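One-letter residues, chain by chain:
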Amino acid sequence: MSEVRVAIVLRKKYGRRAAEQIARKFEVVTFRLPDELPEIIDEPEEIELPDYIFDADIILSYALHPDVNYEIIRRAEGTRVKYVILPGGAKSGSRMQLKELGEKHGVRVVWEDVCCATPLIDDEEIGEFFREFGMPEFEIVVEDGVIKDVIVKRAAICGSTYFVAEKLKGMRVDEAPSKAGYFTQIYPCFASRGIDGKIHRAAHIHKRQVERAIGERQEK
């Protein structure tokens, strides 16, 4: 097991699957927030956040609440924490403000609309986490126009990439990209729904990455 430690802040239905996936590779600790929180927390310094989550290299926060995330970043100063990852887009707070706060307190903030958009970050100490999890990467084995195997080289934090990979086996190559997007959504993806929902971005990311893997395979 890697020495990288990840603390995951859970709330409602969010974060459980990420904890299960990440625990396969790294040490994980979790803390669950109450499902219901005030829209505005007047005294964020009174938010209950246990000390043990700050004894981690990465905090992955599914608080989906700006005041909670600001407080996490503030309290991370001077601790072991190097990165705070915030999926959830605007629900997590202002990207600019959160990143500026991170700079002030010596913590790097990774803010994304969906967890499968987390970039590959080169970090000598904990880069292995970002090589394992983030924007998906596939290796696809094709025989006679049919997908024989799908190897996940890098997976979305939520685990959807493994689900997609299994579903694509045995499918014709020309069907695979669009089906990858469909399977991402029925995983189910917990990103926002509707016409402008971020679930469509998650689907597009997996579709595009499958297209890329097929293209790389066909070039060999």
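A few points on the structure.

Conventions we followed
- Residue positions are given per chain, counted from 1 along the sequence in the order it is written.
- The predicted origin of the model limits local features to residues at a pLDDT of at least 70 and limits the giving and counting of side-chain atom pairs to 80 or more, whereas totals for whole chains, interfaces and linings rest on all residues.
- The side-chain figures draw on all heavy atoms in the structure; neither hydrogens nor water molecules are used.
- Where helices and strands are cited, they refer to DSSP runs of H or I of at least four residues and of E of at least two residues respectively, numbered from the N terminus.
- In this setup the radius of gyration rests on C-alpha atoms only. A globule is expected at 2.2 Å times the number of residues raised to 0.38.
- Exposure categories follow from relative accessible area, calculated using a 1.4 Å probe and restricted to protein chains: below 20% of the type maximum is buried, above 50% is exposed, and the middle band is partly exposed.
- Method for areas: the Shrake-Rupley scheme with a 1.4 Å probe, in which residue coverage is limited to the protein chains shown.
- By the counting rule applied here, Lys and Arg register as positive and Asp and Glu as negative, while His and the ends of each chain are not counted.
- Where a charge lies is defined by one atom per residue type, namely NZ (Lys), CZ (Arg), CG (Asp) and CD (Glu).
- Axis definition: a line fitted to C-alpha atoms, limited for helices to the stretch in contact. Angles are taken between N-to-C directions and run from 0 to 180 degrees.
- By the definition adopted for this analysis, an angle is roughly parallel if under 35 degrees, roughly antiparallel if over 145, roughly perpendicular if from 65 to 115, and oblique otherwise.
- In this scheme the handedness of a crossing depends on how the near helix is turned from the far one: anticlockwise by less than a right angle means left-handed, clockwise means right-handed.
- Here, two residues are considered to be in contact whenever any of their heavy atoms come within 4.5 Å of each other.
- Each residue receives one of three labels: charged for Asp, Glu, Lys and Arg, nonpolar for Ala, Val, Leu, Ile, Met, Phe, Trp, Tyr, Cys and Pro, and polar for the others, Gly being one of them.
- One requirement defines pairing of two strands: DSSP has to find at least two bridges between them.

## So, the overall build of the protein chain
Reasoning step 1: Within the protein chain one finds 7 helices and 7 strands.
Reasoning step 2: Ordered by position in the sequence, the α and β elements of the protein chain form the string β-α-β-β-α-β-α-β-α-β-β-α-α-α.
Reasoning step 3: Computed over C-alpha atoms, the radius of gyration of the protein chain comes to 18 Å, within 12% of the 17 Å expected from 2.2 N^0.38 for 220 residues, which places it in the range of a compact globule.
Reasoning step 4: Classification of the 220 residues of the protein chain by burial places 52% in the buried group.
Reasoning step 5: Working note: accessible area of the protein chain is about 11,100 Å², and carbon and sulfur atoms make up 46% of it.
Reasoning step 6: For the protein chain, the centre of its 34 positive side-chain charges and the centre of its 39 negative side-chain charges are spaced 6 Å apart.

## Topic: the packing of helix α5 (residues 160-168) against helix α6 (residues 176-186)
Reasoning step 1: Look at α5 against α6: their axes get within 9 Å of each other, and the N-to-C directions meet at 135°. Overall, the two elements α5 and α6 adopt an arrangement that is oblique. For the element pair α5 and α6, the recorded crossing hand is right-handed. Between α5, through F163, V164, K167 and L168, and α6, the contact on the second element is made entirely by A176, K179, A180, F183, T184 and I186.
Reasoning step 2: Of the residues contributing to the contact of α5 with α6, the split by class is 7 nonpolar, 1 polar and 2 charged.

## Observations concerning unusual backbone geometry
Reasoning step 1: Phi angles above zero are rare outside glycine, and K12 is one such case at about 55°.
Reasoning step 2: Take K12: it is sitting in the loop between β1 (5-10) and α1 (16-22).
Reasoning step 3: Overall, K12 belongs to the partly exposed group, its relative accessible area being 39%.

## Quick word on the sheet that holds β1
Reasoning step 1: With parallel pairing, the 5 strands of this open sheet are ordered in space as β2-β1-β3-β4-β5. The sheet is open, and its two edges are formed by β2 (27-32) and β5 (108-112), each paired on a single side. Taking the axes of each pair of neighbouring strands and ignoring which way they run, one obtains an average angle of 20° across the sheet.
Reasoning step 2: Here 6 bridges tie β1 to β2, and the two strands are oriented parallel to one another. Looking across to β2, one finds that I8 is bridged to T30.

The values are spatial; any link to function lies outside them.
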